[in-house]
Amino acid sequence: MSGGTTGVRVAHLLRVGGYLEGAIAALWMPNRRTESLLAMARASLNEKSPGGKDEPFLEEVRALFEEAVSYRKKEDFAAAMARLRVAQDMISLRIIELCEE
């Protein structure tokens, strides 16, 4: 996505948030699609933000996501879920902030 208008930034974050929700659901009900849903969430997070305006924020969210994946590999479900929930909440709060601008 190009540009950095507030609407485009919100749309981008909504999409990222949707993929994070899918990843969270996948952790609650592990099945053969779990890896795919985590990969889709990672791919959406790794896309540059429109106009680069949210990159510092997204770096924090990316770090939480990778931490969650690391905990999942160690079979620490609670820690993995907690990191993903915080990442999802951060996205939601950022969208609210942008909509108030």
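On a predicted model such as this, the values are computed, not experimentally measured, just so you know. For every chain, the first residue of the written sequence is number 1, and numbering continues from 1 along that sequence. Where totals are concerned, whole chains, interfaces and linings use all residues; where local detail is concerned, this predicted model gives features only for residues with pLDDT of at least 70, and gives and counts side-chain atom pairs only at 80 or more. Side-chain measures here rest on the full set of heavy atoms in the structure, leaving out hydrogens and waters.

Visitor: Honestly, the packing of aromatic side chains in this entry has me stumped. Any pointers?
Guide: Side-chain rings of Phe, Tyr and Trp (the six-membered ring for Trp) are treated as a pair once their centres are within 6.5 Å; stacked means planes under 30 degrees apart, edge-to-face means over 60, and tilted covers the remaining angles. Taken as a whole and assessed by the stated rule, the structure comprises one aromatic pair. Ring centres 5.3 Å apart and planes at 75° place the aromatic pair Trp-28 and Phe-77 in the edge-to-face group. Highlighted residues: Trp-28 in helix H1 (residues 6-28) and Phe-77 in helix H4 (residues 77-100), separated in sequence by 49 residues. Only protein chains enter the calculation, and the probe is 1.4 Å; a residue is then buried if its accessible area is under 20% of its type maximum, exposed if over 50%, and partly exposed in between. The exposure class assigned to Phe-77 is partly exposed, which follows from its relative accessible area of 37%. Labels follow the DSSP assignment, with helices taken as runs of H or I lasting at least four residues and strands as runs of E lasting at least two, numbered in each case from the N terminus.

Visitor: Could you clarify how one ought to interpret the nonpolar core in this entry?
Guide: What tends to happen in soluble globular proteins is that the nonpolar side chains get buried as a cluster. Leu-20, Val-61, Phe-65, Leu-84 and Ile-91 are the most contacted members of the largest nonpolar core, which totals 25 residues. No other element matches H4, which puts eight residues into this core. The contacts of Val-61, once residues within four sequence positions are left out, are Leu-20, Leu-45, Ala-87, Met-90 and Ile-91. Take the buried Ala, Val, Leu, Ile, Met, Phe, Trp, Tyr and Cys residues and link them wherever side-chain atoms come within 4.5 Å; each set so joined is a nonpolar core. Whether two residues touch is decided by their heavy atoms; if any such pair falls within 4.5 Å, the residues are in contact.

Visitor: How should the packing of helix H2 (residues 34-46) against helix H3 (residues 55-73) be read in this particular structure?
Guide: Packed helices, taken two at a time, are described by the angle between their axes plus the distance between the axes. Convention adopted: a line fitted to C-alpha atoms gives each axis, helices being fitted over their contacting stretch, and angles between N-to-C directions are expressed from 0 to 180 degrees. The geometry of H2 relative to H3 is characterised by a closest axis approach of 10 Å and an angle of 160° between their N-to-C directions. Classified by the angle their axes make, H2 and H3 are roughly antiparallel. As for the relative orientation of H2 and H3, their crossing is left-handed in sense. Each of Thr-34, Glu-35, Leu-38, Ala-41, Arg-42, Leu-45 and Asn-46 in H2 lies in contact with H3, whose residues at this interface are Leu-58, Val-61, Arg-62, Phe-65, Glu-66, Val-69 and Arg-72. Three categories are distinguished: nonpolar for Ala, Val, Leu, Ile, Met, Phe, Trp, Tyr, Cys and Pro, charged for Asp, Glu, Lys and Arg, and polar for the others, with Gly belonging to the last. Within the contact of H2 with H3, the residues separate by chemical class into seven nonpolar, two polar and five charged. Just so you know how the angles are binned, under 35 degrees is roughly parallel, over 145 roughly antiparallel, 65 to 115 roughly perpendicular, and the rest oblique. In a left-handed crossing the near helix is turned counterclockwise from the far helix by less than a right angle, and in a right-handed crossing that turn is clockwise.

Visitor: Help me understand the environment of Trp-28 in this model?
Guide: Overall, the relative accessible area of 58% leaves Trp-28 in the exposed class. For the pair Trp-28 and Ala-78, spaced 50 residues apart in sequence, the C-alpha to C-alpha distance is 10 Å. Every residue in contact with Trp-28, bar those within four places of it in the chain, is listed here: Phe-77 and Met-81.

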